[in-house]
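So the chains spell out like this:
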Amino acid sequence: MTKTHIRTLRPATQLVHSGTTRTPYGETSEALFLTQGFVYDSAEACEARFTGEDPGFIYSRYANPTTDMFEKRMCAIEGAEEARATASGMAAVAAAILCQVRAGDHVLAAKAMFGSCRYIIETLLPKYGVEFTLIDGVNIENWENAIRPNTKVLFLESPTNPTLEVMDIARIAGIANSVGAKLIVDNVFATPLYQRPLALGAHIVVYSATKHIDGQGRCLGGVVLSDREWITEVLQDYFRHTGPGLSPFNAWTMLKGLETLAVRVEAQTRSAAKVADFLAEQNAIARVIYPGRKDHPQADIIAKQMSGGSTMIALELKGGKKAAFAFENALEVISISNNLGDAKSLITHPATSTHKNLSDDAKAELGITDGLLRLSIGLEDTDDLIDDIGFALKAAQG
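Under an unreviewed UniProt entry, the name given to the protein chain is O-succinylhomoserine sulfhydrylase, and the source organism is Pseudochrobactrum saccharolyticum. Turning to the protein chain, the UniProt annotation filed under Sequence similarities (unreviewed entry) states: "Belongs to the trans-sulfuration enzymes family. MetZ subfamily."

This is the structure:
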């Protein structure tokens, strides 16, 4: 087999090799280009770069060789034509929405989403004359009834943060197409390994690369992926002139994270399934929500559009906030944090942290009770996690 043989690589291989370019030094690891700008051999060469005749790099706010490798690798695993890497997941969400709306447009979104995403849609967009509607996104009829001729963007998380609801991406994409709108899917909880929104008909995918992609608590990052035409004609000018780009160092860190993404997420998912089953048997637990279990409310949709479960579990303790706090405080292996997708197992009380700013009515509507906890499973021994949880449950009841 020669090096010119063209074949389709499987995801684990793509995560190690895709997008890699080498300098004349032939380095094994991707080169880290810590540079703000670039120099040109002549004034004519500079002009050619700026006119686009020469497709090279101009300024690291626009593009950088290390960041470019990360974007290309993400495209390979996601099945996208183009991507732009951002400084954080929220920079990715903001860019994907704001670059394509103007006063008088309408945004339709599932109300089950991260608090900062709701801020963009509920608070920021109206300041610029953009209308919005929030719906229960699990019910397809709600999308059909709320769509308008001036709807330009549909936005959803699936699975959602923190209650792990799953929405029918293919059907919602069809509704977006009916009015020429774009469907944006936040795919963080599924990861590109378990769900491919673009293949299901979504137009744009966003990630907080801070989560599973880095997955080791080191740095922030995000990415927006779509077809080449949308990236270059709609997103690019916004991206170039507002400056949300990912730093080269963080891009390099993300490249290193992608190399181990498959082995980490697969191990975390196996562990999460066992932990979810254990939790479901405990009397102190009011409910467990996990995409890999048959009792998940949207198990039929999961079977249709996801190839695996998740590293995430939602659990509700009987006894509300007092029991939830006692449980968290008794954990010794699992750490309290508002992050997720890490090599370390992390637990979050959404009502007092990530979703704190929602009204009581909004929390109740989303199922974010005082006893609800979001558990992100890491790479620890599964039995140690179960022992830790068992001990904490006894402490919480005591």
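1. Looking at the pattern of salt bridges
Evaluation of the coordinates by the stated rule reveals 16 salt bridges. In this structure, Lys111 and Glu365 form a salt bridge, with 2.9 Å as the shortest nitrogen-oxygen distance. Of the two residues, Lys111 sits in the loop between strand E2 (106-110) and helix H5 (115-127) while Glu365 sits in helix H15 (residues 360-366), which places them 254 residues apart along the sequence. Taking relative accessible area as the criterion, Lys111 reaches 14% and is therefore assigned buried.

2. Section: empty space enclosed by the protein
One water molecule sets the probe size; rolling that probe over the atoms shows where empty space is left. Counted according to the given criterion, the structure contains two cavities of 30 Å³ or more. Taken as a whole, the largest cavity encloses approximately 60 Å³ of empty space. If you go around the largest cavity, the residues you meet are Ser60, Arg61, Tyr62, Ala63, Asn64, Thr67, Asp68, Glu71, Phe239, Gly245 and Leu246. Considering each element in turn, the lining of the largest cavity owes the most residues, three residues, to helix H3 (residues 65-78). Of the residues assigned to the lining of the largest cavity, the class counts are four nonpolar, four polar and three charged. Approximately 40 Å³ is the volume found for the second largest cavity. Together, Val188, Thr191, Pro192, Tyr207, Ser208, Lys211, His212 and Ile213 line the second largest cavity. The element that contributes the greatest number of residues to the lining of the second largest cavity is helix H9 (residues 210-214), accounting for three residues. Looking at the lining of the second largest cavity residue by residue, the classes come out as four nonpolar, three polar and one charged.

3. A look at the sheet that holds strand E8 (residues 285-289)
Ordered in space as E8-E9-E12-E11-E10, the five strands form an open sheet in which the pairing is mixed. One side of each edge strand has no neighbouring strand; the edge strands of this open sheet are E8 and strand E10 (335-336). The sheet contact formed by E8 and strand E9 (residues 312-317) spans four bridges and is antiparallel. When the bridges of E9 are listed, Val288 appears paired with Leu315. Along the sheet, helix H12 (residues 261-280) makes contact with E8, E9 and strand E12 (372-376), crossing E9 at roughly 15°.

4. Observations concerning helix H4 (residues 89-98)
Counting buried residues along H4, eight of its ten residues qualify, which places the element largely inside the surrounding structure. The complete set of buried residues in H4 reads Gly89, Ala91, Ala92, Val93, Ala94, Ala95, Ala96 and Ile97.

5. Looking at the side chain of Asp186
You can see Asp186 is positioned in strand E5 (residues 182-186). Only 3.2 Å separates the side chain of Asp186 from the backbone nitrogen of Val188, close enough to count as a polar contact. Those residues within four positions of Asp186 in sequence are excluded, and the remaining contacts are Val93, Phe155, Leu156, Glu157, Ser158 and Val206.

6. What to know about the packing of H4 against H5
Where H4 meets H5, the axes come as close as 10 Å, and the angle between the chain directions of the two elements is 35°. Judged by the twist between their axes, the crossing of H4 over H5 is right-handed. Judged by residue contacts, Met90, Val93, Ala94, Ile97 and Leu98 of H4 engage Ser116, Cys117, Ile120, Ile121, Leu124 and Leu125 from H5. Split by residue class, the contact of H4 with H5 holds ten nonpolar, one polar and no charged.

7. Description of the layout of surface pockets
Here the largest pocket defines a volume of roughly 610 Å³. Lining the largest pocket are 23 residues, with Pro55, Gly56, Ala63, Arg84 and Gln236 sitting closest to its centre. Its residues assigned to classes, the lining of the largest pocket comprises eight nonpolar, four polar and eleven charged. Approximately 420 Å³ is the volume attributed to the second largest pocket. Met90, Phe114, Asn161, Ser208 and Lys211 are, among the 23 residues lining the second largest pocket, the residues nearest its centre. Taken together, the residues of the lining of the second largest pocket sort by class into eleven nonpolar, eight polar and four charged.

8. Side note on a nonpolar patch on the surface
Taken together, the side chains of Leu32, Leu34 and Phe249 make up a nonpolar region of the molecular surface, amounting to roughly 290 Å² of accessible area. Here Phe249 lies in helix H11 (residues 248-259).

9. Notes on the UniProt feature "modified residue: N6-(pyridoxal phosphate)lysine" (unreviewed entry) in the protein chain
According to UniProt, the feature "modified residue: N6-(pyridoxal phosphate)lysine" (unreviewed entry) maps to Lys211 in the numbering used here. Within the element layout of this structure, Lys211 appears in helix H9.

10. Section: the pairing of strand E4 (residues 151-157)
Where burial is concerned, most of E4 is hidden: six out of the seven residues are buried. When E2 meets E4, the two strands line up parallel, connected through four bridges. Bridge pairing in E4 links Leu108 to Leu154. Strand direction decides the pairing type here: E4 and E5, joined by five bridges, are parallel. In the sheet register, Leu154 faces E5, and the bridge partner there is Leu183. In this fold, E4 hands off to helix H7 (residues 169-178), which returns the chain to E5; that crossover is right-handed.

About the criteria used
Residues numbered from 1 in each chain as written. Predicted model: local features only at pLDDT ≥ 70, side-chain atom pairs only at ≥ 80, totals over all residues. Heavy atoms only, no water. UniProt positions renumbered as here; feature names shortened; annotations may be inferred. Salt bridge = Lys/Arg side-chain N within 4 Å of Asp/Glu carboxyl O. Helix = DSSP H or I, 4+ residues; strand = E, 2+ residues; numbered from the N terminus. Buried < 20%, exposed > 50% of the residue type's maximum accessible area, 1.4 Å probe, protein only. 1 Å grid on protein atoms, 1.4 Å probe; cavity = no way out; pocket = protein on both sides within 12 Å on 5 of 7 lines; lining within 4 Å. Points joined across faces, edges and corners; volume = space filled by probe spheres on them. Nonpolar A, V, L, I, M, F, W, Y, C, P; charged D, E, K, R; others polar. Pairing = 2+ DSSP bridges. Contact = heavy atoms within 4.5 Å. Axes fitted to C-alpha atoms, helices over the stretch in contact; angles between N-to-C directions. Polar contact = N/O pair within 3.5 Å; in protein donor to acceptor, adjacent residues only side chain to side chain. Left-handed = near helix turned anticlockwise from the far one by under 90°. Patch = residues over 30% accessible without salt bridge, like charges linked within 9 Å, V, L, I, M, F, W, Y side chains within 5 Å. Areas by Shrake-Rupley, 256 points an atom, 1.4 Å probe, with all protein chains shown as cover. Right-handed = clockwise from strand over helix to strand, strands pointing away.

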